[in-house]
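Residue-level listing of the chains:
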Amino acid sequence: MPKNLTIALAGNPNAGKTTLFNALTGARQHVGNYPGITVEKREGVICTLDTEVHVMDLPGTYSLTAYSQEELVARNYLAEERPEVVVDVLDATCLERNLYLAVQFLEMGIPLVLALNMVDSLPGKGISIDSGRLSSLMRLPVVETVGRRGIGKEKLLEAVVNQAAERQGRWEPLRLSYGPDLDPVLDQMAADIEKADFLSDKYAPRWIALKYLEEDEEIFQLCAENPALNAGLYKASSRVSEHCQKTLNMHPEAIIADYRYGYIASILKQGVISTTTDIRDRVDFSDKLDQVLTHRVFGPSIMVFILYALFHFTFAVGEVPMGWVESFFAWLAGTTASLLPDGLFRSLIVDGIIGGVGGVLGFVPLILVMFLGITFLEDSGYMARMAYMLDRVFRIFGLHGSSVVPFIVSGGIPGGCAVPGVLAARTLRSPKEKLATLLTAPYMACGAKVPVFILLTAAFFPNSAALVMFLLTLSAWGIALCVAKILRSTVIRGKSTPFVMELPPYRMPTLLGVMLHTWERGWQYIKKAGTVILAISILIWALMTFPRLPHDQVEHFETERQELLVLQENTTTDAARAALADRLTALDNREVRDGLLHSVAGRLGTGLETISGLAGFDWRTNIALLGGVAAKEVIVSTLGTVYSLGEVAAEDSGSFSRRLAADPAWNPIRALSLMVFVLTYAPCFVTVVAIAREASWKWAAFSVVFNTMVGFVLAVAVYQIGNLIR
Amino acid sequence: MKKNCWCLRKKLSERNSLATMKSGQKGKVVSVCSRSRMAGRLAAMGITPGVDVEVLSSSGDGPLVVVVRGARMCLCRNMADKVQVDPT
């Protein structure tokens, strides 16, 4: 029996794969991303008495043909890492379709165990499945499981260990017949591939031939590297394709699918599946819910209500712990300031690092609560309905139902991030819609912009924070859609491409799943604060500190201060002493202000003031906005630093938003203009890189310039019109 | 590769595409007349010739929801246009 075992969980999306994975591994798991892409890489460990099982949760796929990133990731993992066993998680209520993927695993030859998941939903649907019969007909171990309650996991593990021991890593490709039209061609192509010894370390020759007929993009690319082989394969495949279309009116792909489903049907018909009642007459619970939730009139209203409720929930629940974290960092800054001697080092630690990173970490509780809500919507199946309902609207603006996902991930529901959002746009097959989505997704209220909104709404719209946030989110969607429409009817014109997706049945998310998922996302945010934001905070602190005031000016302040101190010692009345203390404070503030103005950042900020003044931004805001191009989180932290540099002692200053509200230079209109600008201006640096990778550097540069222009025009409009109305 | 679909019965079957079916109507898929990759994707999601479909919702020019092989699929009208159906 092997001591160390590597297995992979695979299956259709929504087959309960991740739930089963959670049940198997508990909290002993690690989530990361595959290098360069956003497909989640989820790994975990199960320890039994004598075996340590490493489990890999592969992304959900419908097939093993490279239609999307997920399929490619799953396939390449299997081919390159060669796990000892693959557990194919099947949704028992939808067995026929789920077995389609299983057949492809068998054709690949990989050792397989079937987990017949969600068997508890079968009686309600009037279906019964004989798993023993399925097992003997397919000559595979089949284990009944209920992922959400952890039922069957021991048996599954036992089956996996046995299968691994029996197969010893041997791959045994299943040979399906694809009929008189395709079989000879497949044999010939396979023979050619075998002769060329092409990819023989990864795939069986017949499997490559099949994928070639299925027009698999990656296989095409790989074959193109071997021109001699490719010429023969291309000739054979195009001849058979033409022949099939002429005689059968079908593409080879459809024929292949037909034979696979034929094989599945031949197994299921032999007493594996039986329906006890006529399921066609039953109205499914999910369908009943859908009649209301996706109703033409009620559906959209309920959707808006749910989003609004999500904000209220987030703010009501998140506010309290947010206060705790804020006061913790205020205490930390105060304590550190009193422990360290005055000077550059103290300024770096207190103003640069604690101010910068603390400002970002302060939002962790709020973001966790928001993720909790979003994860719930995702896992319950409602998110797919949102995409379905919004497709109608999106089409008008030259986008796609699938553009909803990049939009939502980017922050369509505040709290996302444009980087995975931009990368999620990969699933869009049409280059034009994809480009329009890439360029407009960064308008969404991502998790890094949210703190700016929270800060400003708390300061200037304290009684209607949720409403303002809600309206900002709607504006983000409105702006993104309008810009998409403009782009799609000017620089990126073109017809729309088709889309298809599954609407999973409604399910109650499991507590463990929601918690784990929420924590993963929150942890990613915290990690970012500890790395990227920390580095940028230090850089910006340096920009705001150097070059320092020339020596004679510092001396000038110092002599003035000494004079005041001497005067203070010689006065007798309390009133005069208080007046002198005020003058001292004013002097200190003036020194800090002059120092900041003298620094690189100050000069940049002041230089831009002539233009930015149109939108109501002063030089301090400009500094923060410039920093925000690096990462949006930096806006709040920089504002915090810029203003805290002006404070004499960090500990007796009230919360930052209260200070802003008290600042006479600020008013609600200026705050509104700033929020609109932050919402729409240049994407952050990481997003720009992602856009460049997905489209080109030309489009990435376009997004920076174009988005900033859009943002500036809107902000000026808000500020100028707002002041006129006032 | 082969970008254009070549459908011999296009004229005849266009009238019976999935897109023309009303909510609640049932039928059997006759052929999927689409670019090869799309047809493959649809097949992987269960929409192949010979399969029973039921339209759950279809209105205006928005996407359709159909039940195929026990799963609810949402597909856009352009795509539904390419799926020929024999209504029952």
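Residue numbering note: each chain is counted from 1, following its sequence as written. A letter from A marks each chain and a number from 1 marks each ligand, given out in the order of writing. Residues qualify for local features only when their pLDDT is at least 70, as the model is predicted, and side-chain atom pairs are given and counted only at 80 or more; totals for whole chains, interfaces and linings, by contrast, use all residues. Remark: hydrogens and water are excluded; side-chain values derive from all non-hydrogen atoms of the structure.

Brief notes about the pattern of salt bridges
Residue and element names in this part refer to chain A.
Inference 1: When a carboxyl oxygen of Asp or Glu is within 4 Å of a side-chain nitrogen of Lys or Arg, the pair counts as a salt bridge. Scanning the model with the defined rule gives 31 salt bridges over all chains in all.
Inference 2: Of the charged contacts in the structure, one is a salt bridge between Arg507 and Asp91, with a shortest N-O distance of 3.7 Å. Of this pair, Arg507 sits in the loop between strand 10 (500-503) and helix 22 (511-530) while Asp91 is found in strand 5 (residues 85-91), placing the two residues 416 residues apart along the sequence.
Inference 3: The shortest N-O distance in the salt bridge between Glu172 and Arg170 comes to 3.1 Å.
Inference 4: Any residue under 20% of the maximum accessible area for its type is buried, any over 50% is exposed, and the rest in between are partly exposed; the area is computed with a 1.4 Å probe on protein chains only. On the basis of relative accessibility, which here comes to 40%, the residue Glu172 falls in the partly exposed class.
Inference 5: Arg170 sits in the partly exposed class, given a relative accessible area of 44%. Only runs of H or I of at least four residues qualify as helices and only runs of E of at least two qualify as strands under DSSP, and these elements are numbered from the N terminus.

A few points about the sheet that holds strand 2 (residues 52-57) of chain B
Inference 1: Read across the sheet, six strands follow the order 10(A)-4(B)-3(B)-2(B)-1(B)-5(B) without closing on themselves; strand pairing throughout is antiparallel. A single partner strand is all that each edge strand has here, and the edge strands are strand 10 of chain A together with strand 5 (83-87) of chain B. Averaged over neighbouring strand pairs, the angle between their axes works out to 40° when direction is ignored.
Inference 2: Two strands pair under a simple rule: DSSP has to find at least two bridges between them. By the bridge criterion, five bridges tie strand 1 (residues 26-32) of chain B to strand 5 of chain B in an arrangement that is antiparallel. Bridging across to strand 5 of chain B, B:Val32 finds its partner in B:Val83. In this analysis, axes come from line fits to C-alpha atoms, helices being fitted only over the stretch in contact, and the angle between any two N-to-C directions falls in the range 0 to 180 degrees.

Looking at the confidence of the model for chain B
Residues and elements named next belong to chain B.
Inference 1: A residue's pLDDT is the confidence the predictor assigns to it, expressed on a 0 to 100 scale. The pLDDT averaged across chain B works out to 80; a share of 80% of its residues lies at or above 70.
Inference 2: Working rule for contacts: check all heavy atoms of both residues, and any pair within 4.5 Å makes them a contact. Overall, residues 1-14 carries pLDDT values under 50, and its contacts beyond four positions in sequence, including any with other chains, amount to 22 contacts.
Inference 3: The ipTM for the predicted assembly is 0.86, set against a pTM of 0.79.

Side note on the packing of aromatic side chains
Residue and element names in this part refer to chain A.
Inference 1: When the centres of two rings from Phe, Tyr and Trp lie within 6.5 Å, Trp using its six-membered ring, the rings pair. Their planes under 30 degrees apart give stacked, over 60 give edge-to-face, and anything left gives tilted. Counted under the stated rule, the structure contains 16 aromatic pairs over all chains.
Inference 2: Between the aromatic rings of Tyr212 and Phe220, the centroid separation amounts to 4.8 Å while the plane-to-plane angle is 75°, which identifies the pairing as edge-to-face.
Inference 3: Here the aromatic rings of Phe617 and Phe677 are separated by 5.4 Å at their centres, their planes lie at 55°, and the arrangement is tilted. Pair noted here: Phe617 is in the loop between helix 26 (600-612) and helix 27 (619-630) and Phe677 is in helix 30 (residues 668-680), with a separation of 60 residues, a long-range link.
Inference 4: With relative accessibility at 4%, the residue Phe617 sits in the buried group.

With respect to helix 3 (residues 95-108) of chain A
Every α-helical turn comprises 3.6 residues, leaving residues that sit three or four positions apart pointing alike.
Residues and elements named next belong to chain A.
Inference 1: Helix length check: helix 3, at 14 residues, gives a terminal C-alpha distance of 20 Å against a target of 20 Å (1.5 Å per residue), a fit within 8%.
Inference 2: Most of helix 3 sits out of view: 13 of its 14 residues are buried.
Inference 3: Immediately downstream of helix 3, the backbone of Gly109 shows phi near 100°, a positive value. One less than the residue count of a helix, multiplied by 1.5 Å, gives the span that helix is expected to have.

So, the interface of chain B and chain A
Inference 1: Of the residues lining the interface, 39 residues belong to chain B; the matching set on chain A comes to 44 residues.
Inference 2: Two parts placed together each lose some accessible area; with a 1.4 Å probe, that loss summed over both constitutes the buried area. In total, about 4100 Å² of surface goes out of reach between chain B and chain A, with carbon and sulfur atoms giving 55% of it.
Inference 3: The interface formed by chain B and chain A holds two salt bridges in total.
Inference 4: For A:Asp287, the salt bridge goes to B:Arg72, with nearest N and O atoms at 2.5 Å.
Inference 5: N or O atoms within 3.5 Å of each other form a polar contact, as long as, within protein, one can give a hydrogen and the other can take it, and as long as residues adjacent in sequence are counted only when both atoms are side-chain atoms. Linking chain B with chain A are nine residue pairs in polar contact (both at pLDDT 80 or more), by the criterion used here.
Inference 6: Within the residue set of the side of chain B that touches chain A, elements represented by two or more residues are helix 2 (36-44), strand 2, strand 4 (71-75) and helix 3 (77-81) of chain B.
Inference 7: For the side of chain B that touches chain A, the element with the most residues is helix 2 of chain B, which contributes eight residues.

Describing the packing of helix 20 (residues 450-460) of chain A against helix 30 of chain A
Residue and element names in this part refer to chain A.
Inference 1: Running from N to C, helix 20 and helix 30 point in directions that differ by 170°, and their axes come no closer than 10 Å. With respect to each other, helix 20 and helix 30 are oriented roughly antiparallel. Residues Val452, Phe453, Leu456, Thr457 and Phe460 of helix 20 form the contact with helix 30, whose participating residues are Pro668, Ala671, Leu674, Met675, Val678 and Leu679.
Inference 2: Split into classes, the residues belonging to the contact of helix 20 with helix 30 amount to ten nonpolar, one polar and no charged. Here roughly perpendicular refers to angles of 65 to 115 degrees, roughly parallel to angles under 35, roughly antiparallel to angles over 145, and oblique to all remaining angles. In this count, Pro and Cys sit with the nonpolar residues alongside Ala, Val, Leu, Ile, Met, Phe, Trp and Tyr, while Asp, Glu, Lys and Arg are called charged and the others, Gly among them, polar.

Regarding unusual backbone geometry
Inference 1: In this structure, A:Pro547 follows A:Phe546 across a cis peptide bond, with omega equal to -10°.
Inference 2: The topology assignment puts A:Pro547 in the loop between helix 23 (532-545) and helix 24 (551-570).
Inference 3: Residue A:Arg82 is not a glycine yet carries a positive backbone phi of 45°.
Inference 4: Residue classification places A:Arg82 among the partly exposed positions, given a relative accessible area of 33%.
Inference 5: Here the phi dihedral of B:Arg69 falls at roughly 45°; this positive angle occurs in a residue that is not glycine.
Inference 6: Among the secondary structure elements, B:Arg69 is positioned in the loop between strand 3 (64-68) and strand 4.

Brief notes about the side chain of A:Arg385
Residues and elements named next belong to chain A.
Inference 1: Mapped onto the fold, Arg385 is located in helix 16 (residues 382-396).
Inference 2: Residue Arg385 is classed as buried on the basis of its relative accessible area, which comes to 0%.
Inference 3: Here the side chain of Arg385 touches Tyr506 through a polar contact of 3.3 Å, side chain to side chain.

Overview of the nonpolar core
Inference 1: Residues A:Leu99, A:Leu114 and B:Leu18 are the most contacted members of the largest nonpolar core, which totals 210 residues.
Inference 2: When residues of this core are assigned to their parent elements, the largest contribution, eleven residues, is made by helix 21 (residues 465-488) of chain A.
Inference 3: Leaving out residues up to four positions away in the same chain, A:Leu114 has contacts with A:Asp88, A:Leu90, A:Leu99, A:Ala102, A:Leu134, A:Met138, A:Leu140, A:Pro141, A:Val142 and A:Val143.
Inference 4: Counting 21 residues, the second-largest nonpolar core is a separate cluster that includes A:Leu5, A:Leu20, A:Val55 and A:Val113. For the purposes of this section, nonpolar cores are sets of buried Ala, Val, Leu, Ile, Met, Phe, Trp, Tyr and Cys residues that join through side-chain atoms within 4.5 Å.

Quick look at the environment of A:Ala231
Inference 1: Within the element layout of this structure, A:Ala231 appears in helix 10 (residues 227-247).
Inference 2: As for A:Ala231 and A:Ile533, which are separated by 302 residues in sequence, their C-alpha atoms are 52 Å apart.

Brief notes about the domain arrangement of chain A
A common way to report how large an interface is uses the accessible area buried once the components associate.
Inference 1: Residue ranges for the domains originate in an automatic or database domain assignment. Along its sequence, chain A is organised into domain 1 (3-167), domain 2 (179-275) and domain 3 (299-489).
Inference 2: Computed from C-alpha coordinates alone, the two centres of domain 1 of chain A and domain 3 of chain A are separated by 34 Å.

Some remarks on the side chain of A:Asp663
Residue and element names in this part refer to chain A.
Inference 1: The topology assignment puts Asp663 in the loop between helix 29 (656-662) and helix 30.
Inference 2: Positive charges come from Lys and Arg, negative ones from Asp and Glu, while His and the chain ends are left out of the count. Although Asp663 is buried, it makes no salt bridge; Arg620 carries the closest opposite charge, 5.9 Å away.
Inference 3: Separated by 2.9 Å, the side chain of Asp663 and the backbone nitrogen of Ala665 make a polar contact.

Thoughts on the environment of A:Trp619
All names here are of chain A.
Inference 1: Tracing the sequence through the fold places Trp619 in helix 27.
Inference 2: Classification of Trp619 by relative accessible area gives buried; the value is 9%.
Inference 3: C-alpha separation for the pair Trp619 and Ala15, spaced 604 residues apart in sequence, amounts to 54 Å.
Inference 4: Excluding residues that lie within four positions of it along the chain, Trp619 makes contacts with Arg593, Leu596, Leu597, Gly602, Gly605, Thr606 and Glu609.

Some points on the pairing of strand 4 of chain B
Residue and element names in this part refer to chain B.
Inference 1: The element strand 4 is extensively covered by neighbouring structure, given that five of its five residues are classed as buried.
Inference 2: Taking every second residue as pointing to the same face, both faces of strand 4 are buried, with Ala71, Met73 and Leu75 on one and Arg72 and Cys74 on the other.
Inference 3: Bridge count between strand 3 and strand 4: five bridges; the pairing is antiparallel. Opposite Val68, over in strand 4, you have Ala71 as the bridge partner.
Inference 4: Between strand 3 and strand 4, which follow one another and run antiparallel, lie two residues, and Arg69 among them has a positive phi close to 45°.

As for the state of the cysteines
Residue and element names in this part refer to chain A.
Inference 1: Throughout, a disulfide means two cysteine sulfur atoms within 2.5 Å of one another. Tallied over the entire structure, the rule returns zero disulfides over all chains.
Inference 2: As a non-bridged cysteine, Cys223 has Cys244 as the owner of its nearest cysteine sulfur, 19 Å distant.
Inference 3: Accessibility expressed as a relative area gives 0% for Cys223, which makes it buried.

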